[in-house]
Amino acid sequence: HVKAVGKNSFKFFDKTLNDNAIANLKLEQKLKSAIERGAFELHYQPQFDIKTKRLIGFEALIRWYDDEQGNISPVVFIPLAEATGLIDKIGKWVITQVCKDINTLIAHTHANIRVAINISTRQLCNTELVKTLKESCEVHQVSPTNIEVEITESMLMDDIDEKKQLLQSLQNMGITVAIDDFGTGYSSFSYLKDLPVNTLKIDRTFIQHVCEQVKDEEIASGIIALAHSLQLKTVAEGVETQEQLSLLAQQSCDCCQGYLFSKPLPLIDIVNINYDGIRQSTN
Ligand code: C2E
Ligand code: MG
Ligand code: MG
Ligand code: MG
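Described below are features of the structure shown in this document.

Conventions we followed
Residues numbered from 1 in each chain as written. Chains lettered and ligands numbered in written order. Predicted model: local features only at pLDDT ≥ 70, side-chain atom pairs only at ≥ 80, totals over all residues. Heavy atoms only, no water. Helix = DSSP H or I, 4+ residues; strand = E, 2+ residues; numbered from the N terminus. Expected span 1.5 Å × (residues − 1). Buried < 20%, exposed > 50% of the residue type's maximum accessible area, 1.4 Å probe, protein only. Arc of directions from axis to C-beta. Salt bridge = Lys/Arg side-chain N within 4 Å of Asp/Glu carboxyl O. Disulfide = S-S within 2.5 Å. Donors = N, O, S within 2.8 Å, 3.2 Å for Na, K, Ca; no water. Near = heavy atom within 4 Å. Polar contact = N/O pair within 3.5 Å; in protein donor to acceptor, adjacent residues only side chain to side chain. Areas by Shrake-Rupley, 256 points an atom, 1.4 Å probe, with all protein chains shown as cover. 1 Å grid on protein atoms, 1.4 Å probe; cavity = no way out; pocket = protein on both sides within 12 Å on 5 of 7 lines; lining within 4 Å. Sits in = over half its atoms within 2 Å of the grid points. Nonpolar A, V, L, I, M, F, W, Y, C, P; charged D, E, K, R; others polar.

Section: helix H5 (residues 128–139)
Phase 1: Look at H5: 16 Å from first C-alpha to last across twelve residues, which is about the 16 Å you get at 1.5 Å a residue.
Phase 2: What H5 keeps buried is the set Leu129, Val130, Thr132, Leu133, Ser136 and Cys137. Angular distribution of buried residues about the axis of H5 spans 165°; they occupy a single face of the element. Residues of H5 that are exposed and angled more than 90 degrees away from the buried face: Glu138 and Val139.

Quick word on the pattern of salt bridges
Phase 1: Evaluated as defined, the whole model comprises ten salt bridges.
Phase 2: A salt bridge links Asp66 to Lys30; the shortest N-O distance between them is 2.8 Å. With Asp66 in strand E2 (residues 55–66) and Lys30 in helix H1 (residues 7–37), this pair connects stretches of sequence that are 36 residues apart.
Phase 3: Judged by relative accessible area, which is 7%, Asp66 ranks as buried.
Phase 4: When the shortest N-O distance is used, the salt bridge between Lys163 and Asp158 registers 3.9 Å.
Phase 5: Ionic contacts of the salt-bridge type, sharing partners, join the residues Glu59, Glu150, Lys201 and Glu237 into one network.

Here's the deal with the state of the cysteines
Phase 1: Applying the stated criterion to the full structure yields zero disulfides.
Phase 2: Of the cysteine sulfurs around Cys253, a residue in no disulfide, the closest is that of Cys255, at 7.0 Å.

Thoughts on the coordination of the magnesium ion (ligand 3)
Phase 1: For the magnesium ion (ligand 3), the protein coordination sphere consists of Asp180 (OD), Asp181 (OD) and Glu237 (OE), at 1.7 to 2.4 Å.
Phase 2: Spacing between the donor residues of the magnesium ion (ligand 3) along the chain follows D-D-x55-E.
Phase 3: Here the magnesium ion (ligand 3) and the magnesium ion (ligand 2) are spaced 3.6 Å apart, linked through Asp180, which binds each one. Of this pair, Asp181 sits in strand E6 (residues 176–182) while Glu237 sits in the loop between strand E8 (233–236) and helix H10 (242–250); the two residues are 56 residues apart in sequence, bridging distant segments of the chain.
Phase 4: For Glu237, a relative accessible area of 10% translates into the label buried.

Digging into the site of ligand 1
Phase 1: Taken together, 22 residues surround ligand 1, and among them Arg63, Asn118, Asp180, Glu240 and Tyr259 come closest.
Phase 2: One of the side-chain N or O atoms of Gln45 is found 3.0 Å from a nitrogen atom in ligand 1.
Phase 3: In the environment of ligand 1, an oxygen atom lies 3.0 Å from a nitrogen or oxygen atom belonging to the side chain of Glu59.
Phase 4: When isolated, ligand 1 has an accessible area of 800 Å², and the protein chains bury 83% of it.
Phase 5: With respect to the pocket detection grid, ligand 1 is positioned in the largest pocket.
Phase 6: Only E2, helix H2 (74–84) and E6 provide two or more residues apiece to the shell around ligand 1.
Phase 7: Considering every element that reaches the shell around ligand 1, the biggest residue donor is E2, with four residues.
Phase 8: Within the shell around ligand 1, the residues separate by chemical class into nine nonpolar, five polar and eight charged.

And the structure:
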């Protein structure tokens, strides 16, 4: 297509657009049937307190296995689900599944853990969210104090008063609120002043080179200092090496999560892990 300039480049461009549209449509159909067939699974990634080395909770991460395409990443299908409205059903499924699993997780880890649920923009714009969480907790006899919601900064850009109310009702139930991927969004700091937030999750992109790049180190320590001055906790995402962990410990980061400890795992695998062992291996 090197020669495809002028008029032809438009054709080429159109074809690409078209191909993308067709691929998205196909994926949307697949997603619809995946919802109907219940083709999703949740994996759980443990989170630890850096100081005490105790397990404090898990983040629930959705997985979709498609017979044709194999594993399809949530990075691909969550935005599509958002755009098509399918996220409403998927989001409800995630909340219900977490509530079904939570008491098993507590029983097997012998800890009063929290499970973090990723909430998408559309879910946060809907008052159904509070109702769904409340009902799910009741039906499955889960304490809301064992649940955390993860939202991103960009979700807080508009209708701030509505979001404040919604987050406040969650907090009143006992659910904690974490800002996911902190530092990568476009929002201002003012929401930290006005909104009921408990935790900042330092984005993986800052952790990745925290030991080699002075700027990343400064950003991480800056986020931790900001969080602590506002009485918020910090979780470092994507911790992969002992060196990163040591540096984060030095900076008084509260909690950590990443491949150094464990990948996200299916419930069945979590149940077979001895968490006392993991605790010691972080020494
Ligand atoms: P996120 O919420 O920021 O999740 C963290 C991502 O980092 C996960 O990718 C996790 O598997 C990955 N990760 C954890 N530790 C490490 C590490 O040490 N190294 C590296 N390289 N990666 C690590 P995953 O599971 O592919 O999820 C990607 C994104 O998809 C999530 O980012 C979240 O935004 C979205 N997502 C996942 N599950 C759900 C869900 O149930 N609902 C919604 N709305 N979004 C979800
Ligand atoms: Mg998350
Ligand atoms: Mg994250
Ligand atoms: Mg992230």
